[in-house]
Amino acid sequence: MKSLWQKGFILLILCLIFLTGCSEKYPVLHPVGPVGEKERNLIILSAVLMAIVIIPVIALLAFIVYRYRDKPNNRAPYKPNWDDSKILEFVWWGIPIIIIAVLSIYTVRDTFALTKPPANTGEPISIQVTSLDWKWVFFYPDEGVATVNYIDIPAGRPVQFELTSDAPMNSFWIPALGGQEYTMPGMAMRLWLQANKVGTYTGKGANFTGKEFSKMSFAVHVKKETDFDQWVKALKNQSPQLTEAGYKQLKKPGVVGKKSFSSYPKDIFHDTVMKNGGKYMNNDWMMKDHSQEMKGK
Amino acid sequence: MFEHIRSFASHFFVTGEPMIYASDVAIVLFLVGIIFTLTYLKKWKWLWREWITTVDHKKIGIMYLISALLMMFRGGVDALLMRTQLALPNQTFLDAEHYNQIFTTHGTIMILFMAMPFLFALFNIAVPLQLGARDVAFPFLNSVSFWLFFFGALLFNLSFVIGGSPDAGWTSYPPLTELGFDKGPGENFYLLGIQISGIGSMATGINFLVTILKMRAPGMTLMRLPLFCWSVVASCIIIIFAFPALTVALALLLIDRVADAHFFTMLHGGNPMMFINLFWIWGHPEVYIVVLPAYGIYSEVVSTFSGKKIFGYKTMVISLMIISVVSYFVWAHHYFTMGASAGVNSFFAVASMLIGIPTGVKVFNWLFTMFRGRIQLKLPMLWTLAFIPCFAMGGATGIMLAVAPADYQYHNSYFLIAHFHQTLIGGVAFGLLAGMYYWWPKMFGFSLNERLGRWAFWFFNIGFYVCFMPQYFLGFMGMTRRVYTYSGDTGWTSFNFISSIGAYLMGIGFLFIVVQVLYSIKYGERDLTGDPWNGRTLEWAIASPAPHYNFAHIPEVTERDAWWDMKARGESLIKVNQRMAFKPIHMPKNSGLPFIMAVFFFISGFGFVFNWYWMAALGLLGVGICMIVRSNNRDSEYYIPAEDVEKTEAALGRV
Ligand code: HEM
Ligand SMILES: [Cu+2]
């Protein structure tokens, strides 16, 4: 039974590394917003429920293999024809059923909850996201500015990301804020996130899109409301405009650094969705201005 | 003219990489070596008569096994290259293009050209023997299946030196794989290699389902079927229902690529989501196609090496069947984050978790099969014992992934990578190895060396945990899958480094298996009894290796563990031989057609890869002709005379 001890030992060490690791290293486990927190809670809940089964199974395995090993002087009972026990089988159908039932309830509850903006928080802001080969472009419809490979957002306000792709589909993921959602050509999908803690976090393209996919991370600067306004103002005053031609240039496959723009062609996000196949979809609901609807609630 | 040829060749062959040139040289030398040896030893005829044209399930099984081990080697080298690249940040050992090709070929090969043929090897070797049958239901088709797999795999692997490897992942999602983003022939190799071998897999599914339903020895009711055979039933049912989805997905994508159609483009009314749906409608059941037979192997091994009946046989059967049905209703858990509504996600989340229930029950039944038994730690049992904790964890992380909102955070991360390696290695690969060790004496008539096998076991197992446990944490750190490099400030370095060490340990484990096989060929202990493990099922009632016709007399079955029961009654097939007169045995004739037909498939596939339609058409024409020839062949069976049977049995000391 050396095998189990060794495995257990490795696991133990890993757990130690894991527990003592600093929080920024594990953004998924130490999220800074309500969406990520909900998800983290489910992660912990499911891990604990699973441990309730796994640990006894491993312990039982170790015990059984030790006790019933084939040694000449082993006096443990040997019953080669014992193959049935309704009570035992009842128990181990029952345990997983209960555990799965509990987990299912929480899963369904949070699956529905996460389609809505985080409750009891500030006024939502909206950001339109386009994944390109191999960079991210962000449009701020309310502020009128645009950025490449980084975003600034105000702390404490829910952000509605609208996602599309003008390249193969990617997936938009900021682990410290919460889970991902795909960016797909011809569609505009929505994702709610929120950050409550000022700081800089990393976002990523999570779905493979070819050659330089590995270079598709972006920075997320979470700022105080006033700093955010400051930043918008600065962009408006100092940055160049993003023109149609400029966007075409950006669209060419390649890697670029961070960029800022004071303005962009107004309907560019909508046009991108439409030209990539959005016109074939029943897209009305997607393309509606949701910020109005949200402000009403 | 010369210029013309040169420019063609530089596109046709993969060029510009010392590593590729080195492999070119190695491949050519290897081929020359084989050709030379065969010619020198005058073995060509033997190869054709005994192997290429064989319809004997045992030989086909051995050919599957050899191919699968070779593919395991190739896939393993791919893995080590990737882990070398990722061991430290900002490495330039591989560039993006190569890394992308390698992770694609690794995944595709390991699932379709390693796990599948390895399983089919064990289906072939064990199922007819466990049933008390003389061959499978359709021996000719069985040979067709093998050669389609073989040439499909060959076509896929050819992309390494000709045309360039596919590089869009084993999942091959459009629009990345559409012409607009991926011109090269690599993706075509993927589509055609899998398509051709997929036809073979479908045929295997049908073949073994019919074999088990129709060819059981008298008295072997379904409730007396060995559990391995039950798991094959479950797996074959899934194959039959799942593979058509893959066939359609690949065919439509191929049409998109060669004929510029728009099934999966966003424009002109196509929709990539349709590919993703079809792919996972096959893809999720596929993971159960490969893991259920492994469950069957564990069931046989646990019972044999505990000297005890399997606990809760009926429950085992019921849970297999539940899994094979429910595994059909969970596919969308592979894309919780592609914009499905909360209702859809909830349905697929709960359905996925439900699979954990019958799986958990099976684990408890295995445990209680050992309880009050006598556990012998032989190699097959060691791998089975290692499977239980490993797979329990893999299943648990599977359930964690099935929690849809949590999956928004795991999806596409290394957490996912760790999950499926834990299930595929800890569940499937361990089972394949357990099965290989278990049935090896039956295949070849000698056992594999225990001591070398233990070295392999420990290197591989420790290596596994060192390699994959850190990847769960990398997932929590936000490391995404399929990245070819990362920067040092991500904080991912130490876990990646540890993980790479683990990969190398597993590589050493594999080498030990190679050494073990070579050593045992020369020094391995011969199995003269035919029953080296004190087995329970019918394959152990006959000589090792089994004679061509398997059973001189088809045994009568009166109990579940048929051979165990015979032994308990003091009965044996030798006694049957002594009591009853030998009769002529009806057997299928060898045929070269399956091989020739698969060659035509290969030619056709190659034509499609390069859009050379004349060649594609020629190949298909050849396939058609082969089918017509076969349909008109009335001379495909023969009788082994009773005297020959008697002589063979006498030579085996069994009269
Ligand atoms: C209790 C049983 C299981 C559950 C609930 C489960 C659940 C899942 C889920 C939800 C995913 C998708 C995660 C994502 O993409 O974000 C997944 C991926 C995967 N699972 Fe499992 N799983 C289970 C068992 C298995 C088994 C037995 C195997 C193989 C033998 C397996 C192989 C895979 C593979 C290969 C993938 C990833 C495919 C890819 O994206 O490349 N799983 N599993
Ligand atoms: Cu799945």
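Residues numbered from 1 in each chain as written. Chains lettered and ligands numbered in written order. Predicted model: local features only at pLDDT ≥ 70, side-chain atom pairs only at ≥ 80, totals over all residues. Heavy atoms only, no water.

### Topic: the site of ligand 1
Residues and elements named next belong to chain B.
Here is step 1 of the chain: Neighbouring ligand 1 are 24 residues, the closest being Trp-170, Asp-407, His-411, His-419 and Arg-481.
Here is step 2 of the chain: Within the side chain of His-419, an N or O atom sits 2.9 Å from a nitrogen atom of ligand 1.
Here is step 3 of the chain: Elements supplying a minimum of two residues to the shell around ligand 1: helix H9 (272-306), helix H11 (342-370), helix H12 (379-402) and helix H14 (414-444).
Here is step 4 of the chain: Class assignment for the residues of the shell around ligand 1 results in 13 nonpolar, 9 polar and 2 charged. (Near = heavy atom within 4 Å. Polar contact = N/O pair within 3.5 Å; in protein donor to acceptor, adjacent residues only side chain to side chain. Helix = DSSP H or I, 4+ residues; strand = E, 2+ residues; numbered from the N terminus. Nonpolar A, V, L, I, M, F, W, Y, C, P; charged D, E, K, R; others polar.)

### Observations regarding the interface of chain B and chain A
Here is step 1 of the chain: Contact with chain B, which involves 97 residues of that partner, is made by 95 residues of chain A.
Here is step 2 of the chain: Both faces combined, the contact of chain B with chain A buries some 8400 Å², and carbon together with sulfur accounts for 73% of it.
Here is step 3 of the chain: Its largest share of buried area at the contact with chain A, chain B owes to Arg372(B), Arg374(B) and Gln409(B), together 10% of the area lost on that side.
Here is step 4 of the chain: Linking chain B with chain A are 0 salt bridges, by the criterion used here.
Here is step 5 of the chain: Connecting chain B to chain A are 25 residue pairs in polar contact (both at pLDDT 80 or more). (Contact = heavy atoms within 4.5 Å. Buried area = accessible area lost by both parts, 1.4 Å probe. Salt bridge = Lys/Arg side-chain N within 4 Å of Asp/Glu carboxyl O.)

### Examining the coordination of the copper ion (ligand 2)
Residues and elements named next belong to chain B.
Here is step 1 of the chain: Within the protein, His-284 (ND1), His-333 (NE2) and His-334 (NE2) serve as the donor atoms for the copper ion (ligand 2), at 1.8 to 2.0 Å.
Here is step 2 of the chain: Spacing between the donor residues of the copper ion (ligand 2) along the chain follows H-x48-H-H.
Here is step 3 of the chain: Here the iron atom of ligand 1 and the copper ion (ligand 2) are spaced 4.5 Å from one another. Here the residue His-284 occupies a position in helix H9, and His-334 occupies one in the loop between helix H10 (313-326) and H11, the gap between them amounting to 50 residues. Summarising the burial analysis for this pair, His-284 and His-334 share the class buried. (Donors = N, O, S within 2.8 Å, 3.2 Å for Na, K, Ca; no water. Buried < 20%, exposed > 50% of the residue type's maximum accessible area, 1.4 Å probe, protein only.)

### Observations concerning the domain arrangement of chain B
Residues and elements named next belong to chain B.
Here is step 1 of the chain: Under the domain assignment used here, chain B contains domain 1 (1-42) and domain 2 (43-591 + 636-651).
Here is step 2 of the chain: Using only C-alpha atoms to locate each centre, domain 1 and domain 2 end up separated by 31 Å.
Here is step 3 of the chain: Counting from both sides, the interface comprises 15 residues of domain 1 and, opposite them, 12 residues of domain 2.
Here is step 4 of the chain: Between domain 1 and domain 2 lies a buried interface of about 1200 Å² when both sides are counted; carbon and sulfur atoms form 74% of it.
Here is step 5 of the chain: Area buried by domain 1 at its contact with domain 2 is led by Val-14, Met-19 and Leu-38, which between them contribute 38% of it.
Here is step 6 of the chain: Our count for the domain 1 to domain 2 interface comes out at 0 salt bridges. (Domains from an automatic or database assignment.)

### Details of the environment of Met353(B)
Here is step 1 of the chain: Among the secondary structure elements, Met353(B) is positioned in helix H11.
Here is step 2 of the chain: With 42 residues separating them along the chain, Met353(B) and Gly395(B) place their C-alpha atoms 9.6 Å apart.
Here is step 3 of the chain: Setting aside its immediate chain neighbours within four residues, Met353(B) contacts Ile100(A), Leu103(A), Ser104(A), Thr107(A), Ile399(B), Ala402(B) and Val403(B).

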